[in-house]
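This is what each chain is made of:
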Amino acid sequence: QVQLVESGGGLVQAGGSLRLSCAASGRTFSAAGMGWFRQAPGKEREFVASISSSGGSKYYADSVKGRFTISRDNAKRTAYLQMNSLKPEDTAVYYCASARGSSEYYTKPNEYVYWGQGTQVTVSS
């Protein structure tokens, strides 16, 4: 059983920054790619960013490219999402997930095996 626990969400003004963390336990963390998704009220869950198992390759949705940075620390079994220049449209529940393989190219929810419970990010205008 894998457990993923997100933290770091909150309320921030437009233009501000937040750093989300995703702590993992129960599986060989370094063997799997990791991803971040988000879901706004009334909308489908959408891909935000992903990172390969080694951390050497990353992939971003166009909507966050240049503003968000995904990273991981395999020694700490933790993945991160640094979010800068936040916009009101970034408001959503953010989820981290563990992929079915080691690649960074998993962008669909059904390509991920384990999910965290989510953390709320609210960006005020």
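Presented here is an overview of the structure given in this document. Note that this is a predicted model, so its numbers are computed, not measured. (Residues numbered from 1 in each chain as written. Predicted model: local features only at pLDDT ≥ 70, side-chain atom pairs only at ≥ 80, totals over all residues. Heavy atoms only, no water.)

## So, the sheet that holds strand 1 (residues 3-7)
Then comes step 1: Reading across the sheet, the 4 strands line up as 1-3-8-7 and stay open at both edges, with antiparallel pairing between neighbours. Each end of this open sheet is capped by a strand with a single partner; those strands are strand 1 and strand 7 (68-73). The average angle at which neighbouring strand axes cross in this sheet is 15°, direction not considered. (Pairing = 2+ DSSP bridges. Helix = DSSP H or I, 4+ residues; strand = E, 2+ residues; numbered from the N terminus. Axes fitted to C-alpha atoms, helices over the stretch in contact; angles between N-to-C directions.)

## Focus: the environment of Ser 102
Then comes step 1: The residue Ser 102 is located in the loop between strand 9 (92-99) and strand 10 (112-115) in this model.
Then comes step 2: Note on Ser 102: relative accessible area 39%, which makes it partly exposed.
Then comes step 3: Counting along the chain gives 47 residues from Ser 102 to Gly 55, while the straight-line C-alpha distance between them is 9.8 Å. (Buried < 20%, exposed > 50% of the residue type's maximum accessible area, 1.4 Å probe, protein only.)

## Remarks on unusual backbone geometry
Then comes step 1: Of note, the phi angle at Arg 77 is positive, near 55°, even though the residue is not glycine.
Then comes step 2: When you line up the elements, Arg 77 lands in the loop between strand 7 and strand 8 (78-83).
Then comes step 3: Classification of Arg 77 as partly exposed rests on a relative accessible area of 27%.
Then comes step 4: The backbone of Ser 85 sits at a positive phi, close to 50°, despite the residue not being glycine.
Then comes step 5: Mapped onto the secondary structure, Ser 85 falls in the loop between strand 8 and strand 9.
Then comes step 6: Note on Ser 85: relative accessible area 41%, which makes it partly exposed.

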